[in-house]
Amino acid sequence: MRRRPWSLALALAALPLALAAPPAHAAPPPPPAPPPAAVTEHRAGFDPLLPSSDPLELREAHRPLAVGYTYSGQRRTLDDYLVRTGTQGFVVLDGADVVFERYVAAGRDSLFQSWSMAKSFTSAAVGIALGEGHIDSIDDPVTRYVPELAGSGYDGVSLRDLLRMSSGIEWDETADVPPVHVAASLGYPLTAMAKRQKRGWEPGTRFEYTSMNSFVLAWAVAEATGVPYHDYVQRKIWGPAGMASKAYLGNDSNGNSMGYCCYYATGRDFARFGLLYLNGGKAGDRQVVPASWVAQSTSPSAPFKPGYGFQWWLGEDGDFSASGLGGQLIWVSPRYGVVIVKSTLFTLVGGEETDAAFEAVAAEVARTRTLRTARAG
């Protein structure tokens, strides 16, 4: 499997230790985080993202999809897959047409936790800042934009190596993310934790999935643009891309957005983000993300990891995806012209067959599109 989000079991295992011994000077614990499918109001630890004044229309065009596929020698169906993987929200776009949508213990207005799908939003923010001239080059050292990182493991590391998860810092995603995330949730600054990171190997020589890299990218965007990360996302992505619903973005209660995780949004707005990339960075007639950045960030970023772009996971047939803990996915297929969003509470079941299931869904969408076009003609 090409995706490597950190383990919930390890996250839960880290909770007692982190809660029992919070970092010195940590802020009082914030209210409990909202559940993955229900955020109702702004609260400490979350910044709102407001709906676009010009929402991108997704047309209602539901049609039957008879999806079957073979996996591990067994014939399976989409219904089987959705049940077995505990899917709460499932949205399929044929271009801007919603052709299939299903919710379980949730609804169209439910807000789902992105987890690491957020990394792909951060990549988009970097690309926009680059296109606007706030960032001169992704080969610049991150310390050019965040001088506070001088002397840390990030000193001299290029934005490119952050984007392709090759920063060289000592990091074990499954062991290091849980305590970092819990500490941030308790109000300890992510900036302080980034400055404590140590160099472990030569940047640009191997792939090591590292959520702290994505936080540092979001921090660099904020410093380069002079605008807090969540404000920049609001102005440059959420509004221009035509998102239709209010969403939330997690922060560490010190004004630092969690650029590695924690967007809470509807399945349809996650699908709009996938559609933005399917259309080369355009939402309707608006060029939101530079087309050159869309192409570059969804292409192999290094010979040592051909299945990874710039904070996007890459498939074998040109598909690419934003992937998050527990089976959250925005899957984009330029070959079929299809976007699929899957949201779950959490599952470790069925992940290995996701590519086969989604390929079958996309092929069926394309087949039925051709039939409808032929009948209309």
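Right above here is the structure, for reference.
Overview of the structure. (Residues numbered from 1 in each chain as written. Predicted model: local features only at pLDDT ≥ 70, side-chain atom pairs only at ≥ 80, totals over all residues. Heavy atoms only, no water.)

All right, on to the sheet that holds strand β9 (residues 263–265) then. Taken in spatial order, the four strands line up as β1-β8-β9-β7 in an open sheet, and their pairing is antiparallel. This sheet does not close on itself; its edge strands, each paired only once, are β1 (46–49) and β7 (112–113). In this sheet, β9 lies alongside strand β8 (residues 247–250) in antiparallel orientation, the contact comprising two bridges. Residue Tyr-248 lies in a different strand from β9, and its bridge partner there is Tyr-264. Its contacts with the sheet place helix α8 (residues 229–238) against β1, β8 and β9, and it is angled at close to 15° to β1. (Pairing = 2+ DSSP bridges. Helix = DSSP H or I, 4+ residues; strand = E, 2+ residues; numbered from the N terminus. Contact = heavy atoms within 4.5 Å. Axes fitted to C-alpha atoms, helices over the stretch in contact; angles between N-to-C directions.)

A word on helix α7 (residues 211–225). Compared with the 21 Å implied by 1.5 Å per residue over 15 residues, the 22 Å span of α7 between its first and last C-alpha is a close match. Counted residue by residue, α7 has 14 buried out of 15 residues, so it is predominantly covered. A positive phi of about 75° marks Gly-226, the residue just after α7. (Expected span 1.5 Å × (residues − 1). Buried < 20%, exposed > 50% of the residue type's maximum accessible area, 1.4 Å probe, protein only.)

Following the criterion strictly, the structure yields two cavities of 30 Å³ or more and no others. Taken together, Trp-171, Val-177, Val-180, His-181, Leu-190, Ser-211, Met-212 and Tyr-260 make up the lining of the largest cavity. Considered as a void within the structure, the second largest cavity measures approximately 30 Å³ in volume. Split into classes, the residues belonging to the lining of the second largest cavity amount to three nonpolar, four polar and one charged. (1 Å grid on protein atoms, 1.4 Å probe; cavity = no way out; pocket = protein on both sides within 12 Å on 5 of 7 lines; lining within 4 Å. Points joined across faces, edges and corners; volume = space filled by probe spheres on them. Nonpolar A, V, L, I, M, F, W, Y, C, P; charged D, E, K, R; others polar.)

For the rest of this paragraph, the subject is the sheet that holds strand β13 (residues 320–324). An order of β2-β6-β5-β15-β14-β13-β12 is seen for the seven strands of this open sheet, with the pairing classed as mixed. The sheet is open, and its two edges are formed by β2 (59–60) and β12 (313–314), each paired on a single side. As paired elements, strand β5 (residues 87–94) and strand β6 (residues 97–103) share six bridges and run antiparallel to each other. If you follow Asp-94 over to β6, its bridge partner there is Asp-97. The sheet contacts of helix α9 (residues 267–278) involve β2, β5, β6, β13, β14 (328–333) and β15 (338–344), and relative to β15 the element is tilted by about 145°.

What follows is about unusual backbone geometry. One non-glycine residue, Ala-105, lies in the positive phi region at around 55°. Mapping Ala-105 onto the fold places it in the loop between β6 and β7. Residue class for Ala-105 comes out exposed when judged on its relative accessible area of 72%. One non-glycine residue, Gln-311, adopts positive backbone phi at about 70°. Structurally, Gln-311 can be placed in the loop between α10 (291–297) and β12. Overall, Gln-311 belongs to the buried group, its relative accessible area being 2%.

Taken as a whole, this structure holds one disulfide when the rule is applied. In this model, Cys-261 is linked to Cys-262 through a disulfide, with the two sulfur atoms separated by 2.1 Å. With the S-S bond torsion at -70°, the cross-link from Cys-261 to Cys-262 turns out left-handed. When sorted by exposure, Cys-261 lands in the same class as Cys-262, which is buried. (Disulfide = S-S within 2.5 Å.)

With that out of the way, let us pick up the nonpolar core. Counting residues in each nonpolar core, the largest one holds 90 residues, and the members touching the most others are Tyr-263, Phe-273, Tyr-277 and Ile-330. The biggest single contributor to this core is α7, with nine residues. Not counting chain neighbours up to four residues away, the residues in contact with Tyr-263 comprise Leu-49, Phe-112, Gln-113, Ser-114, Ala-118, Phe-121, Tyr-229, Val-233, Trp-238, Tyr-248, Leu-249 and Phe-270. (Core = buried A, V, L, I, M, F, W, Y, C linked by side-chain atoms within 4.5 Å.)

Enumeration according to the criterion identifies 20 aromatic pairs in this entry. Geometrically, the ring pair formed by Phe-90 and Phe-100 is edge-to-face, given 6.0 Å between the ring centres and 80° between the ring planes. Within this pair, whereas Phe-90 is found in strand β5, its partner Phe-100 is found in strand β6, the two being separated by 10 residues in sequence. For Phe-90, a relative accessible area of 0% translates into the label buried. Residue Phe-100 is classed as buried on the basis of its relative accessible area of 12%. Relative to Tyr-308, the ring of Phe-207 lies with its centre 5.1 Å away and its plane at 65°, an arrangement referred to as edge-to-face. Residue Phe-207 is located in the loop between α6 (190–195) and α7, and its partner Tyr-308 is located in the loop between α10 and β12; the two are separated by 101 residues in the primary sequence. Taken individually, Phe-207 and Tyr-308 each receive the classification buried, so the pair is uniform in this respect. Here the basic side chain of Arg-206 rests over the ring of Trp-201, its NZ or CZ set 4.1 Å away from the ring centre. The ring of Phe-207 carries Lys-305 above its face, with NZ or CZ at 4.8 Å from the centroid. (Phe/Tyr/Trp six-rings, centres within 6.5 Å; stacked < 30°, edge-to-face > 60°. Lys NZ or Arg CZ within 6 Å of the ring centre and 35° of its normal.)

Turning our attention to the packing of helix α3 (residues 118–131) against α9. It is at 12 Å that the axes of α3 and α9 come closest, and there the two elements cross at 45°. By the angle between their directions, the pair α3 and α9 is classed as oblique. Both α3 and α9 take part in a crossing whose hand is left-handed. Touching Ser-120, Phe-121 and Ala-124 of α3 are Phe-270, Phe-273 and Tyr-277, all from α9. Within the contact of α3 with α9, the residues separate by chemical class into five nonpolar, one polar and no charged. (Parallel < 35°, antiparallel > 145°, perpendicular 65-115°, else oblique. Left-handed = near helix turned anticlockwise from the far one by under 90°.)

In this structure, Thr-87 sits in strand β5. In this structure Thr-87 comes out as buried when scored by relative accessible area, which is 6%. Separated by 2.8 Å, the side chains of Thr-87 and Thr-85 make a polar contact. Contacts of Thr-87, omitting those with residues within four sequence positions, involve Leu-82, Val-104, Lys-342, Ser-343 and Thr-344. (Polar contact = N/O pair within 3.5 Å; in protein donor to acceptor, adjacent residues only side chain to side chain.)

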